[in-house]
Amino acid sequence: MKRILLFACLVIAAAAASSQNTSPAQESVDLEALYQQIDEAISQSPKFVAEHRKQLAVYRDSLRMESSPEKQMKMAEQLFQLYRSYRNDSALFFAEQCINLAQSLRRPNLAGRYRSLLAFQCSTSDMLTESLEQLRLVNRPALTNKELVDYYNAWMHVCGEMATLTQRKDKHQSYLAKQNLYRDSVMAVASEGSEEWLHLKMDILTAQRHFQDALNISDRWFRIAKEGTHESAYAAFYRSMVFEHLGNHDQACYWLGKSALDDIRCAVMDQASLLFLAEHLAKDGDFDRALRYMDFTRKCNKTFSNHTRSYQYSSILNIIEKSHEATQHEAHQYLIIAAAIIILLLLALIIVIIKKRR
């Protein structure tokens, strides 16, 4: 009896351990329920945008009424942060205001930081020449670790964009090498656990194929990211990339959907997650939803910037191409069916004629 009880306990313990150690790649998700939430959020998008505009108006009014250059600079930075994923030209304007105010206050470290933020914003919208121009104006020795994070991060981003856009193989490798060096520099000066540190750590671990470690970092990120914010959308996007590398389609779509949902509710116009999700849906054959998400994303991105960026072209073309192929295949199937029906009718007619003649 003791042996039976001991064996039963061991079986139960093993089952419990097995359930706890279930790989994230094997977790099931309800994608349809998530897509319904996204559809509902899209229908409510005008309300989210109106709320964001009210917040912007409050900060702009406060900036106009403020007389202290120090406080003006802080308010201009807040406006930059609110505009940076909503409207690109306004974000550039307030970044330039921050630079001018920092220079008037003789704060070269802050002027350098704001130039770095402006440079990053420029490279985000394919303005690579302007980005490099700003970075070369930064007084590097004046920067503390806090400002160096933004400086190296901007260099890392612009090098990555140059690697993506160039058609010269030797330059592509050169820019990638520089991007990796600047990534190491960011990791050296960023505080462990900060947003910059977390997303780069996930990048590094994913590239090294240490996927479980990357997911552990992702879990850590979600513990500190406030739910329903642009940061949580950012964290969800990077989690989806890990599952993409693992080949887990459902989890990749789920976290892209979670990222898109948070961005829609935060009135983010610089939409990427929803466009990538639409690309997945097009590959799955859900063309109605893929095209709806693509159209919504295009409208959002047009609000952010009139310039369509390179990655957007690629995803949009993939979605349209898949939809066109499906339409052609469907038309081809209809033609085959129609031809088969005509042949059967002709055979039936021939049989009737033969019978009548007999």
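Parameters and conventions
Residues numbered from 1 in each chain as written. Predicted model: local features only at pLDDT ≥ 70, side-chain atom pairs only at ≥ 80, totals over all residues. Heavy atoms only, no water. Core = buried A, V, L, I, M, F, W, Y, C linked by side-chain atoms within 4.5 Å. Buried < 20%, exposed > 50% of the residue type's maximum accessible area, 1.4 Å probe, protein only. Helix = DSSP H or I, 4+ residues; strand = E, 2+ residues; numbered from the N terminus. Arc of directions from axis to C-beta. Axes fitted to C-alpha atoms, helices over the stretch in contact; angles between N-to-C directions. Parallel < 35°, antiparallel > 145°, perpendicular 65-115°, else oblique. Left-handed = near helix turned anticlockwise from the far one by under 90°. Contact = heavy atoms within 4.5 Å. pLDDT = per-residue confidence, 0-100. Nonpolar A, V, L, I, M, F, W, Y, C, P; charged D, E, K, R; others polar. 1 Å grid on protein atoms, 1.4 Å probe; cavity = no way out; pocket = protein on both sides within 12 Å on 5 of 7 lines; lining within 4 Å. Points joined across faces, edges and corners; volume = space filled by probe spheres on them. Patch = residues over 30% accessible without salt bridge, like charges linked within 9 Å, V, L, I, M, F, W, Y side chains within 5 Å. Areas by Shrake-Rupley, 256 points an atom, 1.4 Å probe, with all protein chains shown as cover. Salt bridge = Lys/Arg side-chain N within 4 Å of Asp/Glu carboxyl O.

S.K.: How would you sum up the nonpolar core? Please name residues and give values.
M.R.: Residues Ile38, Leu274, Leu277 and Tyr293 are the most contacted members of the largest nonpolar core, which totals 94 residues. Here this core takes 11 residues from helix α8 (residues 145-165), the largest share from any one element.

S.K.: Account for helix α7 (residues 128-136), with residues named and values stated.
M.R.: Buried within α7 are the following residues: Leu128, Ser131, Leu132, Gln134 and Leu135. For α7, the angular spread of the buried residues around the axis is 160 degrees, confining them to a single face. Along α7, the residues that are exposed and aim more than 90 degrees away from the buried face are Thr129 and Arg136.

S.K.: Break down the packing of helix α6 (residues 108-124) against α7 for me, with residues and values.
M.R.: At a minimum axis separation of 7 Å, α6 and α7 run at an interaxial angle of 165 degrees. Here α6 lies roughly antiparallel to α7, going by the angle between them. For the crossing formed where α6 meets α7, the hand is left-handed. Of the residues in α7, those touching α6 at Arg115, Ser116, Leu118, Ala119, Cys122 and Ser123 are Leu128, Glu130, Ser131, Gln134 and Leu135.

S.K.: Go over the confidence of the model for the protein, please, and point to the residues and values.
M.R.: Predicted coordinates in regions of low pLDDT should not be interpreted in detail. For the protein, the average pLDDT comes to 87, and 84% of its residues sit at 70 or higher. Confidence drops under pLDDT 50 across residues 1-25; counting only partners more than four residues distant or on other chains, this segment forms 7 contacts.

S.K.: Break down the packing of helix α10 (residues 195-207) against helix α11 (residues 211-224) for me, with residues and values.
M.R.: Their axes nearest at 8 Å, the elements α10 and α11 cross at an angle of 165 degrees. For the element pair α10 / α11, the angle class is roughly antiparallel. At the point where α10 passes α11, the crossing takes the left-handed sense. On α11, the residues touching Glu195, Trp197, Leu198, His199, Lys201, Met202, Leu205 and Thr206 of α10 are Phe211, Asp213, Ala214, Ile217, Ser218, Arg220, Trp221 and Ile224. Counted by class, the contact of α10 with α11 contains 9 nonpolar, 3 polar and 4 charged residues.

S.K.: Lay out the side chain of Arg183 with the relevant residues and their values.
M.R.: Among the structural elements, Arg183 can be located in helix α9 (residues 169-189). Discounting chain neighbours no more than four positions away, the residues touching Arg183 are Met156, Leu200, Asp203 and Ile204.

S.K.: Tell me about empty space enclosed by the protein, and please be specific about residues and values.
M.R.: A complete count under the given rule lists 1 cavity of 30 Å³ or more for this structure. There is about 30 Å³ of room inside the largest cavity. Lining the largest cavity, in full, are Ser45, Phe48, Val49, Ile264, Ala267, Val268, Met269, Gln271, Phe296 and Cys300. When contributions to the lining of the largest cavity are tallied by element, the ones reaching two or more residues are α3 (45-65) and α15 (287-304). Here the lining of the largest cavity takes 3 residues from α3, the largest share from any one element. The residue inventory of the lining of the largest cavity, partitioned by class, reads 8 nonpolar, 2 polar and no charged.

S.K.: An account of a nonpolar patch on the surface is requested, with residue identities and associated values reported.
M.R.: Nonpolar side chains collect at one region of the surface, where Ile343, Leu344, Leu347, Ile350, Ile351 and Ile354 lie side by side and expose about 550 Å² of accessible area between them. Summarising the element assignment, Ile351 is placed in helix α16 (residues 310-357).

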